[in-house]
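Here is what each chain is made of, one letter per residue.
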Amino acid sequence: MTIEQIWQEYSASLKRLLQSKVANPADVDDLLQEVLIKTHQQIGSLRGADRLKPWLYTLTRNVVIDFYRRRGRQNNWLTDEPQAGEQQSEGLWFDNEPVALQQLGDCVKPFIDGLDAEAAALLRAVDIEGRSQKALAEELGVSYSTLKSRVQRARLQLRQLFEGCCAMELDHRGNLIGYQPHQRECRRC
């Protein structure tokens, strides 16, 4: 099969796969183009034509993982990027690993909604929208250290809510590396 034939047969299903993993249609199109390029570059590594479909899906999955890794480095929505002279804060409680973000992303927002209004607003602004704590402190008319304390307190409350539904496995730095829902059904996710 030529690249053109492969692309005619599989591009629609690969695009659907990307759409199920990435919300932004422009990103989906960019990633589909990246998959095409990688297919062209790496087709020689394919062992047997019968392995084409799984090979394409693996390649696409890896492109998505790389996308979230790059995005995590550019826009750390679960941790605060330190500004010049600032120390790194802990973020919510888990690292920006794509698998954790994807699996827990749908659960995090309902838990945030379960917090009091001030805590929820702070976490939405800082951890979801990626706003700077320093700028938010100025906007709210509170000191930077006060805002940092409030954000950390809100994160702790969020973590406690989340731990009520799932047993979390953390690494030595406290970053989430796995989770297991408790036997009982959680009503938030």
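Cut-offs applied
- Think of each chain on its own: its residues are numbered from 1, step by step along the sequence as written.
- This being a predicted model, a pLDDT of at least 70 is required before a residue's local features are given, and a value of 80 or more before pairs of side-chain atoms are given or counted; all residues contribute to the totals for chains, interfaces and linings.
- Heavy atoms from the whole structure form the basis of all side-chain values; hydrogens and water molecules are not counted.
- Lines fitted to C-alpha atoms define the axes, with helix axes restricted to the stretch in contact, and inter-axis angles between N-to-C directions lie between 0 and 180 degrees.
- Each helix is a run of DSSP H or I of at least 4 residues and each strand a run of E of at least 2, with the numbering of both proceeding from the N terminus.
- Oblique is the label for any angle not covered by the other classes, which are roughly parallel (under 35 degrees), roughly antiparallel (over 145) and roughly perpendicular (65 to 115).
- Helix crossings are classified by the rotation of the near helix relative to the far one: an anticlockwise turn of less than a right angle makes the crossing left-handed, while a clockwise turn makes it right-handed.
- Here a residue-residue contact requires only that any non-hydrogen atoms of the pair lie within 4.5 Å.
- Under the grouping applied here, Gly and all other residues not named as nonpolar or charged are polar, the nonpolar ones being Ala, Val, Leu, Ile, Met, Phe, Trp, Tyr, Cys and Pro and the charged ones Asp, Glu, Lys and Arg.
- Note on aromatic pairs: the rings of Phe, Tyr and Trp (six-membered ring only in Trp) are paired at centre separations within 6.5 Å, and the planes decide the class, stacked below 30 degrees, edge-to-face beyond 60, tilted for the rest.
- In this scheme, a residue with accessible area under 20% of its type's maximum is buried, one over 50% is exposed, and one in between is partly exposed, where area comes from a 1.4 Å probe on protein chains only.
- Only Lys NZ and Arg CZ are tested; either one counts as a charge over a ring when it is within 6 Å of the ring centre and within 35 degrees of the ring normal.
- Take the number of residues in a helix, subtract one, and multiply by 1.5 Å to get its expected span.
- The arc in question is formed by the directions pointing from the helix axis toward the C-beta atoms.
- Each polar contact in these results corresponds to two N or O atoms within 3.5 Å; when the atoms are within protein, one needs to be able to donate a hydrogen and the other to accept it, and residues that are neighboring in sequence are counted only if both atoms are side-chain atoms.
- For this analysis, a salt bridge means a side-chain nitrogen from Lys or Arg found within 4 Å of a carboxyl oxygen belonging to Asp or Glu.
- The quantity called pLDDT is the predictor's confidence in a given residue, expressed from 0 to 100.
- For our purposes a nonpolar core is just a set of buried Ala, Val, Leu, Ile, Met, Phe, Trp, Tyr and Cys residues, chained together by side-chain atoms within 4.5 Å.

Engineer: How should I be thinking about the packing of helix H5 (residues 117–128) against helix H6 (residues 133–140) in this particular structure?
Structural biologist: Packed helix pairs are characterised by how far apart their axes lie and by the angle those axes make with each other. Between H5 and H6, whose axes approach to 10 Å, the crossing angle comes to 140°. One finds that H5 runs oblique with respect to H6. The two elements H5 and H6 meet at a crossing, and its hand is right-handed. In contact with Leu122, Ala125 and Val126 of H5, H6 contributes Gln133, Leu136 and Leu140. Residues of the contact of H5 with H6, tallied by class, amount to five nonpolar, one polar and no charged.

Engineer: Before we go on, may I ask you to explain the packing of aromatic side chains in this structure?
Structural biologist: What describes a pair of aromatic rings is the distance from one ring centre to the other and the angle between the planes of the rings. Evaluated as defined, the whole model comprises one aromatic pair. With a centroid separation of 5.0 Å and an interplanar angle of 70°, the aromatic rings of Phe67 and Tyr68 are classed as edge-to-face. Neither residue differs from the other here; Phe67 and Tyr68 are each classed as buried. Over the ring of Tyr144 we find Lys134; its NZ or CZ atom is 5.3 Å from the centre of that ring.

Engineer: What should I look at first to understand helix H2 (residues 25–42) in this one?
Structural biologist: Along an α-helix, a turn takes 3.6 residues, which lines up residues three or four apart on a common side. In this model, H2 (18 residues) spans 25 Å end to end at C-alpha, consistent with the 26 Å of a helix rising 1.5 Å per residue. Three or more residues of H2 are buried, namely Val28, Leu31, Leu32, Val35 and Thr39. Angular distribution of buried residues about the axis of H2 spans 105°; they occupy a single face of the element. Opposite the buried face of H2, by more than 90 degrees, sit the exposed residues Asp30, His40 and Gln41. For H2, the side-chain oxygen to backbone nitrogen distance between the N-cap and Ala26 is 2.9 Å, and the N-cap itself is Asn24.

Engineer: I would appreciate a short explanation of the pattern of salt bridges in the present structure.
Structural biologist: A side chain of one charge can pair with a side chain of the opposite charge if their charged atoms are brought near each other. In this structure the tally under the stated criterion is four salt bridges. Taking the shortest distance from any N to any O, the salt bridge between Asp113 and Arg124 comes out at 2.6 Å. Highlighted residues: Asp113 in helix H4 (residues 98–113) and Arg124 in helix H5, separated in sequence by 11 residues.

Engineer: Before we go on, may I ask you to explain the confidence of the model for the chain in this structure?
Structural biologist: Caution applies to low-pLDDT regions: their predicted coordinates should not be interpreted in detail. A residue-level look at the chain finds 71% of positions with pLDDT of 70 or above and a mean pLDDT of 77. Within the chain, H4 has the poorest average pLDDT of any element, 62, and H6 the best, 92. Across residues 73–103, where pLDDT falls below 50, the model places 67 contacts with residues more than four positions away in sequence or in other chains.

Engineer: What's the story with the nonpolar core in this structure? I'm lost.
Structural biologist: Most often, soluble globular proteins have nonpolar side chains that are buried together. Formed by 20 residues in total, the largest nonpolar core has its most connected members in Ile112, Leu115, Leu123, Leu136, Leu147, Val151 and Leu158. Broken down by secondary-structure element, the contributors of at least two residues to this core are H4, H5, H6, helix H7 (144–163) and strand S1 (166–170). Core analysis: the second largest hydrophobic core is formed by 18 residues, Tyr10, Val28, Leu32 and Leu59 among them.

Engineer: Explain H7 to me, please; I cannot follow it from the model alone.
Structural biologist: An ideal rise of 1.5 Å per residue puts 28 Å on 20 residues; H7 measures up with 28 Å between its terminal C-alpha atoms. For H7, every residue scored as buried is listed here: Leu147, Val151, Ala154, Arg155, Leu158 and Phe162. The buried side chains of H7 occupy one side of the element, clustering within an arc of 105° when seen end-on.

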